[in-house]
Amino acid sequence: MSLMEWGALGEILGGVAIIISLIYVGIQIRQNTMAQRLDTSHRISEDLADVYLFPSGSEEMARIFIDGMTGEAQLEGPDHMRFYGYLHKFFRTMENAHYQYRHGALEWPAYEGVTRQFQFIVSTTGGQRYWRERSHWYNDEFSAFVDELIATNDQASIKLGGK
């Protein structure tokens, strides 16, 4: 084999090595993307679990939650602050989930589940009152999403704590 033939063979082998490297990088990127999506879903689930600890933390917190959601009692002072703090955390978690979904970091099955939970919250008297008072705190895209959820909700009777 001449030096030219060896050079041509080296170029062919180099090209094959580059193709193998690109395939490997593609596989790594795909695996990394999946890992990031799973992590995003997990973090949002953890945030929602933290949110749900509020009403289950004590009998007093459960009462605040039920009274706030149903609107049957006017919450004042610390109770009002606790309830709105709960809703703020829930709405911010949902705003994040919405953003992550719109940008491809959260897949539909996970997003659909949290959206159904959120739809329940915004269908309550307390959820709607909070949204009327605080919607300007959220980005325009999320605000439009919440407004659409409220407009299309069937406003079915919601029972909280047996009420």
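Treat the numbers as computed from the prediction; the structure is a model and nothing was measured. (Residues numbered from 1 in each chain as written. Predicted model: local features only at pLDDT ≥ 70, side-chain atom pairs only at ≥ 80, totals over all residues. Heavy atoms only, no water.)

Student: Teacher, can you tell me more about the packing of helix 2 (residues 59-70) against helix 3 (residues 77-102) here?
Tutor: Look at helix 2 against helix 3: their axes get within 10 Å of each other, and the N-to-C directions meet at 75 degrees. Looking at the two axes, helix 2 sits roughly perpendicular to helix 3. Residues Glu-60, Met-61, Arg-63, Ile-64, Phe-65, Gly-68 and Met-69 of helix 2 touch helix 3, and the partners they reach there are Asp-79, Arg-82, Phe-83, Tyr-86 and Leu-87. Across the contact of helix 2 with helix 3, the residue classes break down as seven nonpolar, one polar and four charged. (Axes fitted to C-alpha atoms, helices over the stretch in contact; angles between N-to-C directions. Helix = DSSP H or I, 4+ residues; strand = E, 2+ residues; numbered from the N terminus. Parallel < 35°, antiparallel > 145°, perpendicular 65-115°, else oblique. Contact = heavy atoms within 4.5 Å. Nonpolar A, V, L, I, M, F, W, Y, C, P; charged D, E, K, R; others polar.)

Student: In this structure, what is going on with a nonpolar patch on the surface? I would like to understand it.
Tutor: Side chains of Met-1, Trp-6, Leu-9 and Leu-13 sit close together on the surface and give an oily, nonpolar patch of about 460 Å² of accessible area. Secondary-structure assignment places Leu-13 in helix 1 (residues 3-56). Residue classification places Leu-13 among the exposed residues on the basis of a relative accessible area of 53%. (Patch = residues over 30% accessible without salt bridge, like charges linked within 9 Å, V, L, I, M, F, W, Y side chains within 5 Å. Areas by Shrake-Rupley, 256 points an atom, 1.4 Å probe, with all protein chains shown as cover. Salt bridge = Lys/Arg side-chain N within 4 Å of Asp/Glu carboxyl O. Buried < 20%, exposed > 50% of the residue type's maximum accessible area, 1.4 Å probe, protein only.)

Student: It is not clear to me how the packing of helix 2 against helix 5 (residues 125-134) should be interpreted in this structure. Could you clarify?
Tutor: Helix-helix packing is described using two parameters, namely the angle between the two axes and the distance between the axes. Helix 5 packs onto helix 2 with a crossing angle of 70 degrees between their chain directions and a minimal axis gap of 5 Å. It follows that helix 2 is roughly perpendicular to helix 5 by the angle criterion. Mapping the contact onto sequence places Gly-68, Met-69 and Thr-70 in helix 2 and Thr-125, Gly-126 and Gly-127 in helix 5. Looking at the contact of helix 2 with helix 5 residue by residue, the class counts come to one nonpolar, five polar and no charged.

Student: So what exactly am I meant to see when it comes to the nonpolar core here?
Tutor: Across soluble globular proteins, you tend to see nonpolar side chains buried next to one another. With 31 residues, the main nonpolar core has Tyr-86, Phe-91, Phe-118 and Phe-142 as its most contacted residues. Residue assignment for this core shows that the elements contributing at least two residues are helix 1, helix 2, helix 3, helix 4 (108-123), helix 5 and helix 6 (140-152). Here this core gets eight residues from one element, more than from any other, and that element is helix 3. When residues no more than four places from it in sequence are discounted, the contact partners of Phe-142 are Phe-91, Met-94, Glu-95, His-98, Phe-118 and Trp-131. (Core = buried A, V, L, I, M, F, W, Y, C linked by side-chain atoms within 4.5 Å.)

Student: Just checking my understanding: could you explain the layout of surface pockets for this structure?
Tutor: It is a probe the size of a water molecule, rolled over the atoms, that shows where empty space is left. For the largest pocket, the calculated volume is near 170 Å³. Lining the largest pocket are His-98, Trp-108, Tyr-111, Thr-115, Gln-119, Phe-145, Glu-148, Leu-149 and Thr-152. Only helix 4 and helix 6 provide two or more residues apiece to the lining of the largest pocket. Residues belonging to the lining of the largest pocket are distributed by class as follows: four nonpolar, four polar and one charged. (1 Å grid on protein atoms, 1.4 Å probe; cavity = no way out; pocket = protein on both sides within 12 Å on 5 of 7 lines; lining within 4 Å. Points joined across faces, edges and corners; volume = space filled by probe spheres on them.)

Student: Help me understand the packing of aromatic side chains, please; the structure alone is not making it clear to me.
Tutor: Working definition: an aromatic ring pair is given by the centre-to-centre distance plus the angle between the planes. Overall, the coordinates contain 19 aromatic pairs when judged by the stated rule. Taking the centre distance of 5.1 Å and the plane angle of 75 degrees together, the rings of Tyr-84 and Tyr-130 count as edge-to-face. Of this pair, Tyr-84 sits in helix 3 while Tyr-130 sits in helix 5, and the two are 46 residues apart along the sequence. Like Tyr-130, Tyr-84 is buried. (Phe/Tyr/Trp six-rings, centres within 6.5 Å; stacked < 30°, edge-to-face > 60°.)

Geometric descriptors of this kind do not, in isolation, establish any biological role.
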